[in-house]
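Spelled out, the chains give:
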Amino acid sequence: MTTAGRHESDKPGAPVTVSPTGVDTYVECPRRYRYRYVERRPPDHPPGWQLAFGSAVHTALAVGFDALGDDAPIETARRVAGDRLVDAYDDDAHGLDLSTYPDAETALDRTFDDTSPLASIVVGRQVVEVEQFHRYEISTTPDGRTIEVSTRVDLVVASETDTIIVDHKTGRRPATTARTLQGGTYAIVVANAHGRAS
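Summary of the structure given here.

Conventions we followed
Residues numbered from 1 in each chain as written. Predicted model: local features only at pLDDT ≥ 70, side-chain atom pairs only at ≥ 80, totals over all residues. Heavy atoms only, no water. Core = buried A, V, L, I, M, F, W, Y, C linked by side-chain atoms within 4.5 Å. Buried < 20%, exposed > 50% of the residue type's maximum accessible area, 1.4 Å probe, protein only. Helix = DSSP H or I, 4+ residues; strand = E, 2+ residues; numbered from the N terminus. Contact = heavy atoms within 4.5 Å. Axes fitted to C-alpha atoms, helices over the stretch in contact; angles between N-to-C directions. Parallel < 35°, antiparallel > 145°, perpendicular 65-115°, else oblique. Left-handed = near helix turned anticlockwise from the far one by under 90°. Nonpolar A, V, L, I, M, F, W, Y, C, P; charged D, E, K, R; others polar.

Time to look at the nonpolar core. Of all hydrophobic cores here, the largest spans 29 residues; its most connected members are F65, L68, F112, V122 and L155. For this core, the secondary-structure elements that each account for two or more residues are α3 (49-69), α4 (74-90), α5 (101-111), α6 (117-122), β2 (126-140), β3 (146-158) and β4 (163-166). Considering every element that reaches this core, the biggest residue donor is α3, with 10 residues. With residues up to four places along the chain from it excluded, the contact list for L155 reads F65, V122, V127, E129, V130, I164, I165, V166 and H168. If you look at the next biggest cluster of nonpolar residues, it comprises 6 residues, including I165, Y186, V189 and V190.

Shown next, in the form of structure tokens:
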């Protein structure tokens, strides 16, 4: 099993697996999808600082929300998230641009703040999962292979009456119709795993 682009699905009888990113790519540009996922051409430009930045912030956020899941106060969640962020920027292997550190800190401040919209969602609800991988069978091919969606969900919190999915975005890319497919996919896999999502 794998996400779109790694092509373990080429093995005889293996599931055909697609990710929301792959669907997003196809909707926005079928030719780019073909180059990346079918012909597997190497990218013209290697991933830049944005990818490293987003990864570092996501990892720090996950640590913070894990702490909230263990009933730590929001101030403690912010502290442990900040510690993980510092570790990431101290590790040269991550390829992080030090000039982006203030922006990363701001992202944590905006998240782990009593007045932030996200804090209002999380506080008072149970943290159900953080950075959890899911796969969900959606159909079969004519030759009997399963077609699966695979994805990783950033955060799921729940109360007695609702379940809420949070997808962290660190970039400035505008929302598109294609990107809304991600939200729908997350709702399907979370509902399959936990019974409901909103």
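With that out of the way, let us pick up the packing of α3 against α4. Angle between the axes and distance between the axes are the two parameters that describe a pair of packed helices. Packing of α3 against α4 brings their axes to within 8 Å, and their N-to-C directions diverge by 150°. Taken as axis vectors, α3 and α4 run roughly antiparallel relative to one another. Of the two elements, α3 crosses α4, and the hand of that crossing is right-handed. Of the residues in α4, those in contact with F53, A56, V57, T59, A60, V63, G64, A67 and L68 of α3 are I74, A77, V80, A81, R84, L85, A88 and Y89. Taken together, the residues that form the contact of α3 with α4 break down as 14 nonpolar, 2 polar and 1 charged.

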